[in-house]
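So you can see what is in the structure, the chains are spelled out below.
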Amino acid sequence: MPTGREGFHAYTPAPMEGRLVLKNCSIFRADGRGRAGMAVVIEGGLIRRVGPDEEIPVLPGDWEVACRGRLVMPGLVDCHSHLVGDLVMPPSSELLLHPPHIRMEHERLLSSFVTPADVEVLSRHAMARALRSGVTLAVDHLSCPRDVRGGLEAMARSAEQLGMRLVASHCTHALDGDAQAVAQARANADFVRDQGSHPLVRGALGFHSSWTSGDALLGELRRSREVSGSPVIFHLSEGDHDLAITWAKHNQRVVPRLESFGLLGPLSVAAYARSVDDAESIRLAESGTCVALGPGAALLVEPSGRSLETLYGRQNLLGLGSAGHGNLWDALFVALGTSLGASRGSRLVDPDGVLVQLFSDGPAELCSRLFGMPSGTVEEGRLADLVVFDCVPALDPDSGQTPHMIGQLLRSRVAWTVVDGRVTVREGQVLGVDEVALAHDASLILSRLWAQARLPEPAPPPVPARRT
């Protein structure tokens, strides 16, 4: 399998005769009311028709999916993922007890050994798992400093092979010097330029965070963004350490500093935002920046701030991200607990609204911005990124609504995943891959990386020679 730039080819969709027709399914409209006994027609990557099942026949050449009353919903969007990083450095209680700079050193050491060939294998494994959990778009932050462009291209190939929607950026930092950081940012910009209007994979500029980035790196990113108008992905106010180091070095808080470099805006995805105040929350909302909350990460690292309460209610565009700590369903479960805790403390008045914004509305708007097409609802003209759950919802006969929907979905298997109108998961199985073989190949790479990154034991002191 090619891993260098010479093996990178343009996306050519596989031929598919006829239409994809989801028969006898349950769907929900934007007002929250559901309808059973529906059919959805998909063609050319878009939802072409939605109507009562008996009104939409299956034509010769169609691919029929017998939903048997199961729920069809828009695909999930992981607004801030570390598909490779979550495998390379999974959460460890011992490591999480260390301060941020120690964790960062460990991450830097591990990522320094990662090659594009490693990225291709690891990202295929991670994407297969994501598709099987219903994720149709991942906004990813890759760390492959040995070959930034090669690593991003390897990830793009994996997305093409599996049929997953991807926005790929590099998690560049300046801890190894400004010259190396600027070179990595330029390699990231080259990848962004080469992607153009790829139907599944888009490039984005990326950097780690304010506390790890000097002015030279942020200035280079500003210039690249002014030329390309591309998305930018970064960690925003990771915690109190981010604020403290940024203030000590630059005499600014994080949000004003990044705003001064033109790095906020409607195509910016700012992860975490764990230490922002009310004024900064308003500035983020006015800029149109999408804030990708990582509640799983917030649960596992040192507590800092109340980002959910600060951001929600100020018209901020919010989304949910796995952030390298498990999958999106783990993040949703933690978000549920966080919003309920804040509501019980009278700091949040609408926990259900918070979950809808994080899980559905915000991610759909972000997907629409990034790919230039409406998404996020099962309606005609929307992107055909859909999931069929093994869940037959019970609808209230009067209101058409169903109680406890989030709770039902947390317990339901993803049966089918459709991305850009093409089936990627069929009855729980990812098409075209052997998932056990993918896991085996990934385990070999991870074992090697962990062995390479293992620090040698200090040599024992020399024993003085005995005099005779």
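Remember, it's a predicted structure, so these values are computed and weren't measured experimentally.

Caption draft 1: Representation of helix α5 (residues 148-162) within the structure. The end-to-end C-alpha separation of α5 is 22 Å, in line with the 21 Å expected for 15 residues at 1.5 Å each. A large share of α5 lies buried, amounting to 14 of its 15 residues. Immediately beyond the C-terminal end of α5, within one or two residues, lies G163, with a positive phi of roughly 80°.

Caption draft 2: A look at the packing of aromatic side chains. All chains considered together, the criterion is met by four aromatic pairs. With 6.1 Å between their ring centres and 70° between their planes, W63 and W416 make a pair best called edge-to-face. Of the two residues, W63 is situated in strand β4 (residues 63-66) and W416 in strand β16 (residues 414-419); the sequence distance between them amounts to 353 residues. Looking at W63, the relative accessible area reads 26%, which means it is partly exposed. Considering the side-chain rings of W329 and F359, the 5.5 Å spacing of their centres and the 55° angle between planes classify their relative orientation as tilted. Of this pair, W329 sits in helix α13 (residues 328-344) while F359 sits in helix α14 (residues 351-371), and the two are 30 residues apart along the sequence. You'll find W329 and F359 in the same group, each marked buried.

Caption draft 3: Region of the structure containing the nonpolar core. Ranked by size, the top nonpolar core spans 91 residues in total, and within it L122, M155, F207, L236, L258 and F389 carry the most contacts. Among the nonpolar cores identified, the runner-up in size contains 19 residues, and L22, M38, V378 and L386 belong to it.

Caption draft 4: Highlighting the packing of α5 against helix α6 (residues 178-195). Taken N-terminus to C-terminus, the directions of α5 and α6 make an angle of 35°; their axes are 8 Å apart at the nearest point. α5 and α6 meet at a crossing whose hand is right-handed. Side by side, α5 and α6 meet where V148, R149, L152, E153 and A156 of the first sit next to Q184, A187, N188, D190, F191 and D194 of the second. Of the residues in the contact of α5 with α6, the class split is five nonpolar, two polar and four charged.

Caption draft 5: Summary view of unusual backbone geometry. Phi is positive for N24, close to 50°, though the residue is something other than glycine. By relative accessible area, which is 33% here, N24 ends up partly exposed. Phi at E427 takes a positive value of approximately 50°, unusual for a residue other than glycine. Looking at where E427 falls in the secondary structure, it is placed in the loop between β17 (422-426) and β18 (429-430). E427 gets classed as partly exposed once you look at its relative accessible area, which sits at 32%.

Caption draft 6: Representation of empty space enclosed by the protein. By the definition in use, this model includes three cavities of 30 Å³ or more. Roughly 630 Å³ of internal volume is contained in the largest cavity. Those elements that provide at least two residues to the lining of the largest cavity are α1 (85-88), α2 (93-96), α3 (100-111) and β7 (135-142). Broken down by element, the residue count for the lining of the largest cavity peaks at six residues, all from α3. Grouping the amino acids of the lining of the largest cavity by side-chain chemistry returns 18 nonpolar, eleven polar and six charged. Empty space within the second largest cavity amounts to approximately 180 Å³. Residue lining of the second largest cavity: 16 residues in total, with P74, G75, V77, A364 and G376 positioned closest to the centre. Among the elements of the structure, β5 (71-74), β6 (76-81), β7 and α14 are those that each provide at least two residues to the lining of the second largest cavity.

How each quantity is defined
Residues numbered from 1 in each chain as written. Predicted model: local features only at pLDDT ≥ 70, side-chain atom pairs only at ≥ 80, totals over all residues. Heavy atoms only, no water. Helix = DSSP H or I, 4+ residues; strand = E, 2+ residues; numbered from the N terminus. Expected span 1.5 Å × (residues − 1). Buried < 20%, exposed > 50% of the residue type's maximum accessible area, 1.4 Å probe, protein only. Phe/Tyr/Trp six-rings, centres within 6.5 Å; stacked < 30°, edge-to-face > 60°. Core = buried A, V, L, I, M, F, W, Y, C linked by side-chain atoms within 4.5 Å. Axes fitted to C-alpha atoms, helices over the stretch in contact; angles between N-to-C directions. Left-handed = near helix turned anticlockwise from the far one by under 90°. Contact = heavy atoms within 4.5 Å. Nonpolar A, V, L, I, M, F, W, Y, C, P; charged D, E, K, R; others polar. 1 Å grid on protein atoms, 1.4 Å probe; cavity = no way out; pocket = protein on both sides within 12 Å on 5 of 7 lines; lining within 4 Å. Points joined across faces, edges and corners; volume = space filled by probe spheres on them.

Functional significance is not addressed by these values, which are geometric in nature.
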